[in-house]
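# Residue-level structure breakdown
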Amino acid sequence: MKIKNFSRKAAVFTMAAAMLTGGTSAFASGSGQDYNGGNDGVQPTPPAPVVQPVSPVFEDTYGFTHLTRFDAQQIAKQQGQSRFEVPGFDASTIRNIPSAKGKDANGNIIDLDVWDTWPLQNADGTVANYNGYEVVFGLAGDPKVSSDTFIYLFYKKAGDQSLDAWKNAGRVFKDTDKMVPNDPILNNQSEEWSGSATLTKDGKVRLFYTNRQPWDADKGFFGKQTLTTAQVNVSEPSNDTLQVNGVEDFKSIFDGDGKMYQTVDQAFRAGDYSDNHTLRDPHYVEDNGHKYLVFEANTGSETGYQGQSMLSNKAYYGGDDKFFESEREKLLNSPDRNFITIANGALGIIELNDDYSLKKVMKPLIASNTVTDEIERANIFKMNGKWYLFTDTRGAKMFVDGVDAEDIYMLGYVADSIDGPYKPLNGSGLVLHQDLNKRDITWNYAHFAIPQVKGNKVVITSYMTNRGFYNDHHSTFAPSFEVMINGNRTKVMPNSTLEQGQVTSK
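Residues numbered from 1 in each chain as written. Predicted model: local features only at pLDDT ≥ 70, side-chain atom pairs only at ≥ 80, totals over all residues. Heavy atoms only, no water.

### A word on the overall build of the protein
- A count of helical and extended segments in the protein gives six helices and 27 strands.
- Looking at the protein residue by residue over its 506 residues, the buried ones come to 62%.
- Element-wise, carbon and sulfur atoms account for 47% of the exposed surface of the protein, whose accessible area totals about 18700 Å². (Helix = DSSP H or I, 4+ residues; strand = E, 2+ residues; numbered from the N terminus. Buried < 20%, exposed > 50% of the residue type's maximum accessible area, 1.4 Å probe, protein only. Areas by Shrake-Rupley, 256 points an atom, 1.4 Å probe, with all protein chains shown as cover.)

### Overview of the packing of helix 2 (residues 69-78) against helix 5 (residues 321-332)
- At a closest axis distance of 11 Å, the pairing of helix 2 and helix 5 adopts a crossing angle of 90°. Comparing the axis directions of helix 2 and helix 5 gives the class roughly perpendicular. Along the contact surface, helix 2 presents R69, F70 and Q73, while helix 5 presents F323, E327 and L331.
- Of the residues contributing to the contact of helix 2 with helix 5, the split by class is three nonpolar, one polar and two charged. (Axes fitted to C-alpha atoms, helices over the stretch in contact; angles between N-to-C directions. Parallel < 35°, antiparallel > 145°, perpendicular 65-115°, else oblique. Contact = heavy atoms within 4.5 Å. Nonpolar A, V, L, I, M, F, W, Y, C, P; charged D, E, K, R; others polar.)

### Section: the nonpolar core
- The biggest cluster of nonpolar side chains holds 50 residues, and the ones touching the most others in it are F137, V172 and L207.
- For this core, the secondary-structure elements that each account for two or more residues are strand 4 (113-121), strand 5 (133-141), strand 6 (150-157), strand 8 (191-199), strand 9 (205-212), strand 12 (225-238), strand 13 (241-254) and strand 23 (444-451).
- The contacts of V172, once residues within four sequence positions are left out, are F137, I151, Y152, L153, D177, L207, V232, V244 and V247.
- Among the nonpolar cores identified, the runner-up in size contains 43 residues, and F254, Y356, V403 and Y413 belong to it. (Core = buried A, V, L, I, M, F, W, Y, C linked by side-chain atoms within 4.5 Å.)

### A word on empty space enclosed by the protein
- Estimated volume of the largest cavity: approximately 80 Å³.
- As for the largest cavity, its lining consists of T117, W118, P119, V136, W166, I450, T461, S462, F477, G501 and V503.
- Sorting the residues of the lining of the largest cavity by element identifies strand 4 and strand 24 (457-464) as the ones contributing at least two each.
- The element best represented in the lining of the largest cavity is strand 4, accounting for three residues.
- Here the lining of the largest cavity is composed, by residue class, of seven nonpolar, four polar and no charged. (1 Å grid on protein atoms, 1.4 Å probe; cavity = no way out; pocket = protein on both sides within 12 Å on 5 of 7 lines; lining within 4 Å. Points joined across faces, edges and corners; volume = space filled by probe spheres on them.)

### Things to note about the packing of aromatic side chains
- Inspection of every chain in the model, using the stated rule, returns 27 aromatic pairs.
- Each ring, one from W215 and one from F222, has its centre 5.5 Å from the other, and the planes form 85°; the classification is edge-to-face.
- Between F222 and Y273, the aromatic rings sit 5.7 Å apart at their centres with planes inclined by 40°, giving tilted as the arrangement. A residue pair is termed long-range when its members are at least 10 positions apart, and F222 in strand 11 (residues 221-222) and Y273 in the loop between helix 4 (264-267) and strand 14 (280-287) qualify at 51 residues.
- Given a relative accessible area of 17%, F222 falls into the buried group. (Phe/Tyr/Trp six-rings, centres within 6.5 Å; stacked < 30°, edge-to-face > 60°.)

### Side note on the sheet that holds strand 17 (residues 358-367)
- Sheet architecture is open: five strands sit in the order 1-17-16-15-14, paired in mixed fashion. At either margin of the open sheet sits one strand with a lone partner, and together these are strand 1 (65-66) and strand 14.
- Pairing geometry for strand 14 and strand 15 (residues 290-298), over six bridges, is antiparallel. When the sheet's bridge partners are listed, D287 is paired in strand 15 with H290. (Pairing = 2+ DSSP bridges.)

### Section: the side chain of K224
- Topologically, K224 is positioned in the loop between strand 11 and strand 12.
- Here K224 falls in the buried class, since its relative accessible area comes to 16%.
- Leaving out residues up to four positions away in the same chain, K224 has contacts with I185, N211, R212, Q213, D255 and V264.

### A short note on the pattern of salt bridges
- Taken as a whole and judged by the stated rule, the model has 22 salt bridges.
- Where D164 meets R95, a salt bridge forms, and the shortest distance between an N and an O atom there is 3.1 Å. One end of the pair, D164, is in the loop between strand 6 and strand 7 (167-171); the other, R95, is in the loop between helix 2 and strand 2 (101-103), with 69 residues separating them in the sequence.
- Of the charged contacts, one joins E191 and R212 as a salt bridge, the two residues approaching to 3.2 Å between their closest N and O atoms. Placement of the pair is E191 in strand 8 and R212 in strand 9, with a sequence separation of 21 residues.
- What makes E191 buried here is its relative accessible area of 4%.
- In this structure, a network of salt bridges that share partners links the residues R280, E296, E374 and E376. (Salt bridge = Lys/Arg side-chain N within 4 Å of Asp/Glu carboxyl O.)

### Observations concerning the confidence of the model for the protein
- Residue-level pLDDT values for the protein average 91, and 90% of them are 70 or greater.
- Every residue in residues 1-49 scores below 50 in pLDDT, and together they form 184 contacts with partners more than four places removed in sequence or on other chains. (pLDDT = per-residue confidence, 0-100.)

### A look at helix 2
- The element helix 2 is extensively covered by neighbouring structure, given that seven of its ten residues are classed as buried.
- When we look at burial in helix 2, the residues that qualify are R69, D71, A72, Q73, I75, A76 and Q78.
- Contacts made by the buried residues of helix 2 are with strand 1, helix 5, strand 20 (407-415), strand 21 (423-424) and strand 22 (430-435).
- Once helix 2 finishes, G80 follows within two positions and takes phi at roughly 105°, a positive value.

### Some remarks on the sheet that holds strand 4
- Pairing within the open sheet is mixed, and its eight strands lie in the order 7-6-5-4-8-9-12-13. Bordering the open sheet on either side are strand 7 and strand 13, each of which pairs with just one other strand. Taken over all neighbouring pairs, the strand axes of this sheet differ in orientation by 25° on average, direction set aside.
- Sheet analysis places strand 9 next to strand 12, joined by eight bridges and oriented antiparallel. Bridge assignment links V205 to a residue of strand 12, and that residue is V232.

Shown next, in the form of C-alpha cells:
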C-alpha cells in the first residue's frame with residue numbers, strides 16, 4: 001500500500017508552517033491551506049514515532065455518514081473516466097479578469113489574483129437577479145502578498161456572459177468595519193475567507209463568510225476561523241454601475257462548540273501545532289422556513305474525535321471484514337500513523353434564528369476520519385425532491401492508496417432530507433477529478449456547483465492558475481462547464497465549456 005509520507009502532507013497538518021510561508025485562506029476556502037496548491041516553504045519536523053497501544057475493534061457511525069477508506073480507494077479507481085474528468089482548457093485563451101484591479105501596500109494600482117468565488121443566490125441556490133445584475137463575491141488580493149486575502153464584489157448585467165462584462169465594485173468591507181462593539185472575535189480579524197451570499201425575501205444582500213484571526217502564538221492567536229455574517233448594502237448610483245454602501249448587522253455566528261465540532265483551542269492545546277483545524281466556508285440554505293449554514297469543520301469530542309482509537313473504528317473503513325483487517329494493519333504500521341489519527345474532516349450544519357444568529361448546533365452531515373482533515377467549500381441545494389451536498393478536496397491532503405498529490409476532487413452526496421443520511425453519488429462520491437501540475441495555468445480548484453432554474457444540470461465554476469506563480473498570469477475566473485445530475489449519478493457534459501466566470505448556462 002502506498003500511503004503518503006509526511007513530507008507530502010506537511011502543508012495540511014500544520015497551521016504553523018502555513019503561517020511561516022504566508023499560506024492564505026487555509027483551504028479557503030483554512031488552516032494549512034495556501035492557494036499555491038500546497039505549502040512549498042518551511043516544513044515542520046515530524047514528531048518522533050510513538051508506540052501506541054492498539055485499541056479494541058468497535059463500530060460507531062455517531063449517527064451520520066462517512067467518507068470511508070473503501071470509498072476513497074474506489075474514487076482512485078474511478079478517476080480517469082470521462083464522466084468525472086474536468087474538461088481540458090486551452091491555455092492560450094485564458095485571460096486575467098480585466099476589472100480585477102486593486103492597490104498594493106504603497107497605493108499603486110495592481111492586477112489582483114481572484115480565487116474562490118460564489119454567486120449571490122436565491123434561497124433555492126439558483127443565481128439571484130439583483131435589479132438586473134448577476135453578482136459574484138470572491139477572494140482577491142495582491143499576487144505578491146499571500147496574506148492579502150479579502151472579499152471583493154464583482155457584477156455584470158444579467159445575460160451578458162463575456163469575461164469583459166464583469167465589473168469590480170471593490171472590497172466589501174472597510175478595515176474599520178470589523179470594530180463592532182462587544183465582538184472580540186470579529187475585532188481581531190486579519191483576513192476574510194470564503195462563504196456564500198443570499199438575496200433575502202425583502203431584497204437585501206446577506207453575506208456569510210469566514211473570519212480568520214492572525215497566527216501569533218505569543219499573543220494567543222492561532223488563526224481561528226469563525227462563521228460570520230453581514231448585510232451588504234448595495235446601490236446603483238448610475239446606469240450599469242453598482243457600489244457597496246457599507247455593511248450592517250455585522251457579527252460572528254459560530255466558532256465551534258468542542259462537542260460536535262473541534263475548536264481551535266482543542267486543535268492546538270499544549271503547544272502542539274501539528275493539527276490542521278478547519279471551521280469555514282459557510283453555505284447558506286433554507287428548508288421549509290428554516291435557515292441553515294452548512295460548513296467545513298472537524299469532528300468534536302462527541303462525534304468521533306481524534307486519537308489512536310480511530311484506527312479501530314470499522315465505520316471509518318467501509319468494505320468487508322477482510323478489507324478492514326488488511327487496511328487497519330497497514331495503518332497501524334504506517335509511518336504516518338500519528339497524522340492519520342488527527343485526520344477528522346467534516347461537513348457540519350447549524351440552524352440559524354431569523355436574525356441569522358446561532359439557534360442550534362447539529363450533528364455533522366459527512367465526516368472523513370482517517371482519510372483527510374479537509375473536505376471544504378460545502379455546497380448544498382435541493383433538486384427534484386433530493387438534497388445534494390458537494391465538497392472539494394485535494395489528493396495532497398489525503399492518506400489514501402492510489403491518490404496522488406496532484407489529484408483534485410469534487411465529491412458529492414444525496415439524501416432525502418437536509419440532515420441526511422447522505423449516500424455517495426456514483427457509488428464512491430466522486431463527481432469531478434482533475435490531475436494537473438500546479439504550475440499549469442489551467443490548473444483549477446474550488447469547484448462550485450450552481451443549480452439552474454430549469455432542468456437537472458448544474459454549472460460548475462472555479463478559479464484557474466495558482467496565486468503568485470507568474471507575473472503575467474493571475475488567478476482568474478476559470479471557464480465554467482456543465483454537469484448533469486440524474487438521481488444518484490452525475491456526468492460531466494461533453495462539449496459544455498462556457499465562458500470564464502459564467503454562472504448560468506443561458
